[in-house]
Amino acid sequence: MTSISSYSQYQRMQNETLRLQREQATLHAQASSGKVGTAIGDLGVEARRTLNIRAVTDQLQTYKDNIAGVTLYASVMDTALSRMGDLLNDLRNEYSKMSSDLSADRATGIPDTTFLNELGKRGLEEMQNLLNTKVEGRYVFAGNDIHNPPVPDVNGLYAAFQAEMSANLPIAVTPSQQGYMITNLKSYIGLPNQTLASLNVLTLPPQAYLGGAGTSGLYSTSLQQTGGGALIARVDVDRQISYGLRADAPVIQDMMRALATAATITCPPGNVEGYKAVLRDGFDATKSAITGVSNEVGRLGITRRQIQDLDTKHDHVTTTLKLALGDVEDVDMAEVATKLQQSNTALEATYRIIASMKSLSLVNFLS
């Protein structure tokens, strides 16, 4: 004997219909986005795995961003160092010419340093511009003091060398006096601008000219007083690199001394030997700087190569992680399409059953 469906049976059919509707909405969303869900909770037991993968991927992206920053700095620095190398080669050629021909002005027997002086002055000005190069608002040669120009002024250095040359080169006639004068010239790198013209450097020890009060020196306050700090970047989980060349590096000091000597040297009448000694020191400083710049370019190239290799490694790892993340978060579109078809069929069936149940009455069950 057939019985009439109860209210509870009807409710079960309604609940099943709602469940199928929710399932179908989820399947439609998956088919549209290609993802399991829009929230971490939708991943169920795989949620922890996807969080771990995303954390590692984000960390790798941070390393890649750091590498991109170092690469940009290194590229700009490499261009600047290349130009410094050109300046040094020109300076070396002129020093060599002046050293081999000490009778350029045959009428007086005094070498004509006009071209060497102009080359030195222009070189100092260009070096200031190169050392104050900025990338994205940050000074490249300033170490970690990226917001202050490392070489705010070269006039103080020029004035110091000019005062030294004028006051003491004429009287630096013995080898010891010449050596003492050259030592004092070396001490001027970074010297604050003070009453340089009034100082008699042959009667005071070199350390008397280091430090002390004064206005801006050759280098910024950070480089002059605290030495600044190297730029450091984390490029891998267990590796950080120190990179860049600071404006107060020995190679730059040699270059600035060679340029300042070239800009201010003249041959005083009666002291050709003193002139030759200072000229030779400028020439030696130039050759030392050429070697130093070449070495810095080489080190910079090694650093760039190393971080490029790391960047490639990070790319490979990131690709692997993204594939793993896809296994967790992405859906099988063919499987979704099959489930969607099955869901449609089941939902249509429940609709038909509910519709037929609503149309039944007691008459349908009377014999």
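Treat the numbers as computed from the prediction; the structure is a model and nothing was measured.

Trainee: Just give me the short version of the pairing of strand β3 (residues 231-236), but keep the residues and values in it.
Mentor: Two faces make up the sheet, and in a regular strand the side chains alternate between them. Pairing geometry for β3 and strand β4 (residues 239-243), over five bridges, is antiparallel. Bridge pairing links A233 to I241 in β4. In sequence, β3 turns back onto β4 through a hairpin of two residues.

Trainee: Which residues make up the packing of helix α4 (residues 155-168) against helix α5 (residues 175-187), and what values go with them?
Mentor: Between α4 and α5, the shortest axis-to-axis distance is 10 Å and the interhelical angle comes to 165°. Classified by the interaxial angle, the pair formed by α4 and α5 is roughly antiparallel. Judged by the twist between their axes, the crossing of α4 over α5 is right-handed. Contacts between α4 and α5 pair F161, E164, M165 and N168 from the former with M181, N184 and L185 from the latter. Residue composition of the contact of α4 with α5, grouped by class: four nonpolar, two polar and one charged.

Trainee: Tell me about the confidence of the model for the protein chain, and name the residues and values.
Mentor: In the predicted model, the protein chain carries a mean pLDDT of 78, and 67% of its residues have values of at least 70. Ranking the elements of the protein chain by mean pLDDT puts helix α6 (residues 221-226) last with 62 and helix α3 (residues 114-131) first with 96. Note on residues 362-367: pLDDT is under 50 here. Beyond four places in sequence and across chains, it has six contacts.

Trainee: So what about unusual backbone geometry? Which residues, and what values?
Mentor: Although it is not a glycine, E136 sits at a positive phi angle of roughly 50°. Note on placement: E136 falls in the loop between β1 (134-135) and β2 (138-139). Among the residues examined, E136 registers a relative accessible area of 64% and is labelled exposed.

Trainee: Run through the nonpolar core, naming residues and quoting values.
Mentor: Counting 69 residues, the largest nonpolar core has M127, I252 and M256 as the members making the most contacts within it. When contributions to this core are tallied by element, the ones reaching two or more residues are α2 (47-100), α3, α4, α5, β3, β4, α7 (250-264) and α8 (272-329). In terms of residue count, the dominant contributor to this core is α2 (13 residues). Ignoring anything within four residues of it in the chain, the contact list for M127 reads M84, L87, I252, M255, M256 and L259. Grouped together as the second largest cluster of nonpolar side chains are six residues, L60, L321, A324 and L325 included.

Trainee: I'd like to hear about α7, residue by residue, with values.
Mentor: Compared with an ideal rise of 1.5 Å per residue, which puts 15 residues at 21 Å, α7 spans 21 Å between its outermost C-alpha atoms and is within 8% of the ideal. Here α7 lies mainly inside the structure; 13 of its 15 residues are buried.

Trainee: Run through α4, naming residues and quoting values.
Mentor: For α4, spanning 14 residues, the distance from its first C-alpha to its last is 20 Å, which sits close to the expected 20 Å at 1.5 Å a residue. All of the buried residues in α4 are G156, L157, Y158, A160, F161, A163, E164, M165 and N168.

Trainee: Give me the side chain of N132: which residues, what numbers.
Mentor: Topologically, N132 is positioned in the loop between α3 and β1. For N132, a relative accessible area of 17% corresponds to the buried category.

Trainee: Quick rundown of the packing of α4 against α7? Include the residues and the values.
Mentor: The description of two helices packed together rests on the angle between their axes and the distance between the axes. Packing of α4 against α7 brings their axes to within 9 Å, and their N-to-C directions diverge by 55°. The orientation of α4 relative to α7 falls into the category oblique. In terms of crossing hand, the pair formed by α4 and α7 is right-handed. Contact residues: L157, Y158, F161, Q162 and M165 in α4; M256, R257, A260, T261, A263 and T264 in α7.

Trainee: Please provide a residue-by-residue account of the pattern of salt bridges, values included.
Mentor: Pairs can form between side chains of opposite charge once their charged atoms are near each other. According to the stated counting rule, one finds 15 salt bridges in the structure shown. Across the salt bridge formed by K313 and D236, the nearest N and O atoms sit 2.6 Å from each other. Placement of the pair is K313 in helix α8 and D236 in strand β3, with a sequence separation of 77 residues. In this structure K313 comes out as partly exposed when scored by relative accessible area, which is 39%. Salt bridges sharing partners connect three or more residues here, namely K64, D311 and D315.

Trainee: Any details on the side chain of T113? Residues and values, ideally.
Mentor: With respect to the helices and strands, T113 occurs in the loop between α2 and α3. Within the structure, the side chain of T113 is placed 3.2 Å from the backbone oxygen of I265, a separation counted as a polar contact. Non-local contacts of T113, meaning those with residues more than four positions away in its chain, are made with M98, I265, T266 and Y275.

Trainee: Explain the environment of D248 to me, using residue names and the numbers behind them.
Mentor: Within the element layout of this structure, D248 appears in the loop between β4 and α7. What makes D248 buried here is its relative accessible area of 13%. Once the C-alpha coordinates of D248 and Y219 are considered, the two residues, 29 residues apart in sequence, prove to be 7.2 Å apart. Among the polar contacts made by the side chain of D248, one reaches the side chain of R246 at a distance of 3.0 Å.

How each quantity is defined
- Residues numbered from 1 in each chain as written.
- Predicted model: local features only at pLDDT ≥ 70, side-chain atom pairs only at ≥ 80, totals over all residues.
- Heavy atoms only, no water.
- Pairing = 2+ DSSP bridges.
- Helix = DSSP H or I, 4+ residues; strand = E, 2+ residues; numbered from the N terminus.
- Axes fitted to C-alpha atoms, helices over the stretch in contact; angles between N-to-C directions.
- Parallel < 35°, antiparallel > 145°, perpendicular 65-115°, else oblique.
- Left-handed = near helix turned anticlockwise from the far one by under 90°.
- Contact = heavy atoms within 4.5 Å.
- Nonpolar A, V, L, I, M, F, W, Y, C, P; charged D, E, K, R; others polar.
- pLDDT = per-residue confidence, 0-100.
- Buried < 20%, exposed > 50% of the residue type's maximum accessible area, 1.4 Å probe, protein only.
- Core = buried A, V, L, I, M, F, W, Y, C linked by side-chain atoms within 4.5 Å.
- Expected span 1.5 Å × (residues − 1).
- Salt bridge = Lys/Arg side-chain N within 4 Å of Asp/Glu carboxyl O.
- Polar contact = N/O pair within 3.5 Å; in protein donor to acceptor, adjacent residues only side chain to side chain.

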